[in-house]
Amino acid sequence: MSEGRKAKSASPELLIHHAIALWAASGAEPALPTFEELRADDGRPRAAIAALCALELGEIPMTARGTAAFAAHAAARDASEADAPAAVAAARAAGQACAMAHKFDHTPHAATCATKAAGLHGLGKIDRLRKRSVAKADPLLTPRLSRCR
């Protein structure tokens, strides 16, 4: 296969992008119970994380991922109107993680929002949670992630 005809999945940048997307999802997912405790009838943030994983597996198109990310942000706005700041942050974490599949710059926002949700909900000190999230990242991703701090 010629250099110009290599499969996209062979690109190191694409592989890094996929790994970071899954890392963003793994950071946002622990915030979902906070959202669900406060907004039990709203499954949009969890659907956003599921959409990101489905996209990474090639099961849905990028447009479906975008719809799920926007829906998670709409859930955050609805939680804001209900005066539930921890739920807002948790929904934003899911929305940002899902949006990361489109644009790498969303990654730090997903981690920040997940940490904020935990802190607002009294689940631990924010700095400790942020350090734990970064520590979970693959060491090969650390140089790429450090650009976002």
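Use the structure listed above.
The text that follows walks through the structure, step by step, so that each part is easy to find. What you see is a predicted model; the values in this text were computed from it and never measured.

The rules behind these values
- Residues numbered from 1 in each chain as written.
- Predicted model: local features only at pLDDT ≥ 70, side-chain atom pairs only at ≥ 80, totals over all residues.
- Heavy atoms only, no water.
- Helix = DSSP H or I, 4+ residues; strand = E, 2+ residues; numbered from the N terminus.
- Expected span 1.5 Å × (residues − 1).
- Buried < 20%, exposed > 50% of the residue type's maximum accessible area, 1.4 Å probe, protein only.
- Contact = heavy atoms within 4.5 Å.
- Salt bridge = Lys/Arg side-chain N within 4 Å of Asp/Glu carboxyl O.
- Core = buried A, V, L, I, M, F, W, Y, C linked by side-chain atoms within 4.5 Å.
- Axes fitted to C-alpha atoms, helices over the stretch in contact; angles between N-to-C directions.
- Parallel < 35°, antiparallel > 145°, perpendicular 65-115°, else oblique.
- Left-handed = near helix turned anticlockwise from the far one by under 90°.
- Nonpolar A, V, L, I, M, F, W, Y, C, P; charged D, E, K, R; others polar.

## As for helix H4 (residues 62-81)
Stage number 1. Taking 1.5 Å per residue as the helical rise, H4 with its 20 residues ought to reach 28 Å, and the 29 Å between its terminal C-alpha atoms agrees with that figure.
Stage number 2. Considered for burial, the residues of H4 that qualify are Arg65, Gly66, Ala68, Ala69, Ala72, His73, Ala74, Ala75, Ala76 and Ala79.
Stage number 3. Structurally, H4 contributes buried residues whose contacts are with helix H2 (32-38), helix H3 (44-56) and helix H5 (85-100).
Stage number 4. Asp83 sits one or two positions beyond H4 and adopts a positive phi of about 55°.

## Looking at H3
Stage number 1. Helix length check: H3, at 13 residues, gives a terminal C-alpha distance of 18 Å against a target of 18 Å (1.5 Å per residue), a fit within 8%.
Stage number 2. In the stretch just after H3, Gly58 is the one whose phi turns positive, near 80°.

## Quick notes on the pattern of salt bridges
Stage number 1. For the structure shown, the criterion picks out 3 salt bridges.
Stage number 2. One salt bridge in this structure joins Arg44 and Asp42, with 2.6 Å as the shortest N-O distance.
Stage number 3. Judged by relative accessible area, Asp42 falls into the buried class, the value being 9%.
Stage number 4. Here Arg44 ties to Asp78 by a salt bridge, and the two come within 2.7 Å at their closest N and O atoms. Of this pair, Arg44 sits in helix H3 while Asp78 sits in helix H4, placing them 34 residues apart in sequence.
Stage number 5. Residue classification places Asp78 among the partly exposed positions, given a relative accessible area of 29%.
Stage number 6. Among the charged side chains, a network of salt bridges with common partners joins Asp42, Arg44 and Asp78.

## Things to note about the nonpolar core
Stage number 1. Within the largest apolar cluster, 33 residues are counted, with the highest numbers of intra-cluster contacts made by Phe35, Ala48, Ile49, Leu52, Ala97 and Cys98.
Stage number 2. Elements that contribute at least two residues to this core include exactly helix H1 (12-28), H2, H3, H4, H5 and helix H6 (107-120).
Stage number 3. Counting residues per element, this core draws most heavily on H5, at 11 residues.

## Overview of the packing of H4 against H5
Stage number 1. For the pair H4 and H5, interaxial distance at closest approach is 8 Å and the crossing angle is 165°. When the axes of H4 and H5 are compared, the pair comes out roughly antiparallel. Crossing angle aside, the handedness with which H4 passes H5 is left-handed. The segment H4 lies against H5, with Arg65, Ala68, Ala69, Ala72, His73, Ala75, Ala76, Arg77, Ala79 and Ser80 engaging Ala87, Val88, Ala91, Arg92, Ala94, Gly95, Gln96, Cys98 and Ala99.
Stage number 2. Split into classes, the residues belonging to the contact of H4 with H5 amount to 12 nonpolar, 4 polar and 3 charged.

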